[in-house]
Amino acid sequence: MLLYVTLGLLVHFVFFASIFDIYFTSPLVHGMTPQFTPLPPPAKRLMLFVADGLRADKLYELDEDGNSRAPFVRNIIMNEGSWGISHTRVPTESRPGHVAMIAGFYEDVSAVAKGWKENPVEFDSLLNETRYTWSWGSPDILAMFAKGDLRSHIFTESYDASSEDFGAHDVTKLDTWVFDHVKEFFHAARNNQSLFSKVNEDKIVFFLHLLGIDTNGHAHRPSSREYSDNIKLVDKELKEIESTVKDFYGNDGKTAFIFTADHGMTDWGSHGAGHPLETCTPFIAWGAGIRLPQKVSAQKFDDSYLQEWKLENWKRQDINQADVAPLMAALIGVPFPLNSVGIIPVDMLNTSDLFKAESMFTNAVQILEQFKVKMTQKKEATLSFLFTPFKSLSDTKQANILRKARYYIKQKKYDEAVSLCRQLIHLALRGLAYYHTYDRFFLAFNVVLGFVGWTSYASLLIIKSHCNLMRGVSTEAKNPSRLLPCAFVAVGVSVTFFLLIQACPWTYYVYCLLPLPIWYAVLREIPVIQGFVTLLSTFPPRRFLGYLLLFILGVEVLVLSFFYRYMLTAGLVALAAWPFITALWTRAKSISLSWIFFCLLLAVFPLMPVVGRKPDIFLVVGAGLLVLLLSLFVVTSVIKRKDSFINEELVLHLLQMLSVVFSMCVVYGTHHSLLKKQGLPLLNQIVSWTILASSFVMPLLSPPVLFDRLFSILVSSMSTYLLLSTGYEALFPLVLSCLMFVWIHMEQETLQHSVVSCKQKVSTIQFACNTDAAQCRDLCLDDIRRAFFLVFFLVTAFFGTGNIASVNSFDPSSVYCFLTVFSPFKMGALIMWKILIPFVLVMCAFEAVQVTTQLSSKSLFLMVINISDIMALHFFFLIKDHGSWLDIGTSISHYVIVMSMTIFMVFLNCLAQMLTTRKLSLCGRPKSHVI
């Protein structure tokens, strides 16, 4: 078993990692020459304000009284500057958003491994090119742009990370801290000659990062009064800062101002995915070099925002987030960031037409430089006869476009030059994408080859070792030929040589060579394949097609449930009909009724709103009360059932019930403390972490009797789950577990009248039983149904409470009983454990099913992995690299989720075995059932 687990983990880790090489490699190249506009810039300095987590609609819309939340910003829109929506990309997190604005490129996902804080890849940014930069705000954001500052020209001032507390009394202090320090800075500069001379230089940037709005959005939701008040505060302080700066520089008209946001936020206070509320951020620019407002009679956009915001008569100019970087570079006359893919929004510039044309020409050359470097790198790493260049932008065409654009500028045909340069930029960007994804098909082909090979090999293992279909069929090769291994070795050597001469990364060797041993193992089992085909030929065709179509339908329902949660409801309704198509309805009517009731009850959850959007603490407390009632019933029934009730067992039940009571009190107390803005009480925090730690130990103290151990696992898990719940999802594990208990009974009833003898009752079966491997039976067709049931319940465990396949579905408020200070890894780990608790409950029930049906863990588990891999392969083909960023991000996350689920299943299986078979006892060591 250990060999198969190790091999399976290795294969699935490779398949999981492949997605990052195929779709998430770093887009950066190095070796370009800096490019800047060869004309005097309109501004000497620039002030960049970034309101973290600010949604465009919340800034631009009018409140219920018809007044603007940001009157100063609205006045700028109508009288002083240009405005629009800055469209961000997935992932809508703080670091990628700031990198896009300040460096001009869209961050690769490798930054998530460092919590979006550190630089996984070194890059150039606007701040690197300035003469001086002063910045104030969050240490997470400022540090990444100051890292590697060799000229010591980037100055940062940030508050302590512990100030980023979602439960603090007033998180607007994060923004007032920034504004106060900026005011103090300019006041100090008047009395410090050295500082005064620096701030009067040209090519300088003042960067203000404002985290209060994002923190208030997470803590109180964007529709809250706190969020709106924070916007009003920022608007008021913006006006004061502008006045302070203008007074300091004597109204010289050489300061440009930009106010924007890194990302938006959903209505339930999350971000990370591609919902328009997350990707639409405000963009307002005014001051030196910025065009004044333009009155228009009509504007055409795909949305109705203009009418909702009462701004239909002021020209709206939307940009991509990466366009901010070249705009700022052109305004203050510094080189464009080397890796920028942004396009200057020249219509926002209040400069000469010559400056606009020269800036666009510089922009085109800067992006073309990246294209040339990327093409050269790929050409040098590919055999000449295999290299396929990007035909739409040949060397000749590049030269012709540049020569023609320069000619237009000399002839003062500036509009034509701008249009031609924009055409060249789009071609260069297409070429960059072409070379960036040059090896995608090659890598994807090898991954699919490995996928199909592994699934085939796992199927053959099941047929050969755990199935009675092969009895009477000879599967032994009489004289194994040496031709097969020699052929595979030759192919391996050829592939290695092919990759070596192209200087491919080491991961390419893994993807290309891994399928070889897998397929070698498959082809070694030719006799098994032949025997299986022979037996299939004797199977009635209609029956075979019926089973096949039923299996395909089941897998499609699982796949569709990733897109539409109500498919789980349809699936559960279908499962409720299971007793009617078998003899269970007549043999075990009470159990069948219980199955139908809990299937239909669980089917309600996928129809509920996504978790976190409407918190309801009373539902959490209600779920705790139901657990207590159920615990009282179980304690009473156990006392009646046993002649002598062990004191230790009674104490354990009471301790677990007390743990649930504490969880309810902590949830209620923390909720009210945060509502009063008194923060997270220390006692509540200590109790929460204690309950979490004890939930891993408590079940191991219970007796290994099947029902007792499973119920102990449920109560311990619920005490933790309550602490991590914000609404109706607290009821979900309870209903799911009830269905799992009935499932165990149903499976035993299914075998009662089969060829397998089941003499023991569920109430007397122990997890430590069935140690004899001879007691484990062969697989039958009904076991495929059992494996499918497990996968279906696992998918239901994930999506049943609204964990839609995106980052924004995970509500940070669910961890507030444990911590409120922002910590991505701790919060992520707690949210992950919340997701895994229903998984653990299902896997423990699966362990019980294996015991009651006398199955070996390996046989049934391989079938489960196969079904999951078929789903993963399905999603691999559904991955998109075009269309909306919501579709692209969702398609990739689907694959990541199903692959993670497959990998986690191995660990969850081990955890479930430990929780069910181990017992903390001073009197001997308990046995375990066969695995």
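For the structure, check the block above.
Everything numeric in this text was worked out from a predicted model, so none of it was measured.

A. Local environment of the overall build of the protein chain. Scanning the protein chain from N- to C-terminus turns up 35 helices and eight strands. Evaluated residue by residue, the protein chain yields a buried proportion of 57% over its 931 residues. Intrachain contacts of the protein chain at a sequence separation of at least 6 include 79% that bridge at least 24 residues.

B. Representation of the sheet that holds strand β8 (residues 319-320) in the model. Taken in spatial order, the eight strands make up an open sheet running β4-β3-β5-β1-β6-β7-β2-β8, and their pairing is mixed. At either margin of the open sheet sits one strand with a lone partner, and together these are β4 (154-158) and β8. Examined bridge by bridge, strand β6 (residues 255-260) and strand β7 (residues 280-287) share five bridges and lie antiparallel to one another. When the bridges of β7 are listed, A256 appears paired with G287. In the packing of helix α10 (residues 225-248) onto the sheet, the strands contacted are β1 (45-51), β5 (204-210), β6 and β7, and the crossing angle to β6 comes to about 170°.

C. Geometry of unusual backbone geometry. Phi is positive for R221, which is not a glycine, with a value near 85°. When you line up the elements, R221 lands in the loop between α9 (212-220) and α10. If you check the backbone angles, N251 has positive phi at about 50° while not being a glycine. With respect to the helices and strands, the residue N251 is situated in the loop between α10 and β6.

D. Focus on the pairing of strand β3 (residues 132-137). Counting buried residues along β3, six of its six residues qualify, which places the element largely inside the surrounding structure. What you see with β3 is no split at all: Y132, W134 and W136 on one side and T133, S135 and G137 on the other are buried throughout. Both β3 and β4 contribute to a ladder of five bridges, which runs parallel. Among the inter-strand pairings, S135 is bridged to a residue of β4, identified as T156.

E. Representation of helix α13 (residues 324-332) in the model. A large share of α13 lies buried, amounting to nine of its nine residues. Every buried residue of α13 is listed here: V324, A325, P326, L327, M328, A329, A330, L331 and I332. G333 sits one or two positions beyond α13 and adopts a positive phi of about 75°.

F. Layout of the layout of surface pockets. Its boundaries defined by the atoms lining it, the second largest pocket holds a volume of some 2,000 Å³. Y547, F551, L781, I784 and R785 are, among the 48 residues lining the second largest pocket, the residues nearest its centre. Looking at the lining of the second largest pocket, the elements that each hand over two or more residues are α17 (440-466), α21 (526-537), α22 (541-561), α23 (566-576), α24 (584-587), α32 (781-799) and α34 (857-878). Per-element accounting of the lining of the second largest pocket gives the leading share, eight residues, to α22. By residue class, the composition of the lining of the second largest pocket is 35 nonpolar, 10 polar and three charged.

G. Structural detail: the environment of I213. Within the fold, I213 resides in helix α9. In sequence terms I213 and S228 are 15 residues apart; their C-alpha atoms lie 8.5 Å from each other. When residues no more than four places from it in sequence are discounted, the contact partners of I213 are A51, D52, G53, L54, D175, Y227, N230, I231 and V234.

H. Examining the packing of α23 against helix α25 (residues 589-602) more closely. Running from N to C, α23 and α25 point in directions that differ by 175°, and their axes come no closer than 8 Å. Judged on the interaxial angle alone, α25 and α23 are roughly antiparallel. Together, L572, V573, L575 and A576 of α23 and W595, I596, C599, L600 and L602 of α25 make up the contact between the two elements. In terms of residue class, the contact of α23 with α25 is made up of nine nonpolar, no polar and no charged.

I. Here's a closer look at the side chain of R69. Mapped onto the fold, R69 is located in the loop between α2 (56-60) and α3 (71-79). Engagement of the side chain of R69 in a polar contact is seen with the backbone oxygen of K58, the distance being 3.0 Å. Of note is the side chain of R69, whose polar atom sits 2.9 Å from the side chain of E61. Setting aside its immediate chain neighbours within four residues, R69 contacts K58, E61, S228, I231, K232 and D235.

J. Main features of the packing of aromatic side chains. In this structure the tally under the stated criterion is 58 aromatic pairs. Measuring from centroid to centroid gives 5.3 Å for F185 and F186, while their planes differ by 80°, and the two rings are edge-to-face. F185 sits in the buried class, given a relative accessible area of 11%. Seen in terms of ring centroids, F257 and W286 are 5.2 Å apart; in terms of plane orientation they differ by 10°. Their pairing is stacked.

K. View of the pairing of β5. By the criterion of burial, β5 is predominantly enclosed, with seven of the seven residues buried. Neither face of β5 is exposed, since I204, F206, L208 and L210 on one face and V205, F207 and H209 on the opposite face are all buried. Alignment of β1 against β5, held across seven bridges, turns out to be parallel. Across the sheet, the residue bridging to R45 is I204, located in β5. Of the pairings in the sheet, the one linking β3 to β5 comprises five bridges and is parallel in character. Bridged to W134 within β5 is F206.

L. Spotlight on the pattern of salt bridges. Considering all chains together, one arrives at 26 salt bridges under this definition. For the salt bridge of E61 with R69, the shortest nitrogen-to-oxygen distance reads 2.9 Å. For E61, a relative accessible area of 18% translates into the label buried. Through salt bridges with shared partners, a single ionic network connects E747, D782, D783, R785 and R786.

M. The arrangement of the environment of L420 in detail. Turning to its location among the elements, L420 is positioned in helix α16 (residues 414-436). Sequence-wise, L420 and I401 are 19 residues apart; in three dimensions their C-alpha atoms are separated by 7.1 Å. Setting aside its immediate chain neighbours within four residues, L420 contacts I401, K404, A405 and Y408.

N. Broad picture of a nonpolar patch on the surface. A surface patch of nonpolar side chains, amounting to about 580 Å² of accessible area, comprises L560, F563, Y564, Y566, L607 and L878. Looking at the secondary structure, you find Y566 in helix α23. For Y566, a relative accessible area of 48% corresponds to the partly exposed category.

How each quantity is defined
Residues numbered from 1 in each chain as written. Predicted model: local features only at pLDDT ≥ 70, side-chain atom pairs only at ≥ 80, totals over all residues. Heavy atoms only, no water. Helix = DSSP H or I, 4+ residues; strand = E, 2+ residues; numbered from the N terminus. Buried < 20%, exposed > 50% of the residue type's maximum accessible area, 1.4 Å probe, protein only. Contact = heavy atoms within 4.5 Å. Pairing = 2+ DSSP bridges. Axes fitted to C-alpha atoms, helices over the stretch in contact; angles between N-to-C directions. 1 Å grid on protein atoms, 1.4 Å probe; cavity = no way out; pocket = protein on both sides within 12 Å on 5 of 7 lines; lining within 4 Å. Points joined across faces, edges and corners; volume = space filled by probe spheres on them. Nonpolar A, V, L, I, M, F, W, Y, C, P; charged D, E, K, R; others polar. Parallel < 35°, antiparallel > 145°, perpendicular 65-115°, else oblique. Polar contact = N/O pair within 3.5 Å; in protein donor to acceptor, adjacent residues only side chain to side chain. Phe/Tyr/Trp six-rings, centres within 6.5 Å; stacked < 30°, edge-to-face > 60°. Salt bridge = Lys/Arg side-chain N within 4 Å of Asp/Glu carboxyl O. Patch = residues over 30% accessible without salt bridge, like charges linked within 9 Å, V, L, I, M, F, W, Y side chains within 5 Å. Areas by Shrake-Rupley, 256 points an atom, 1.4 Å probe, with all protein chains shown as cover.

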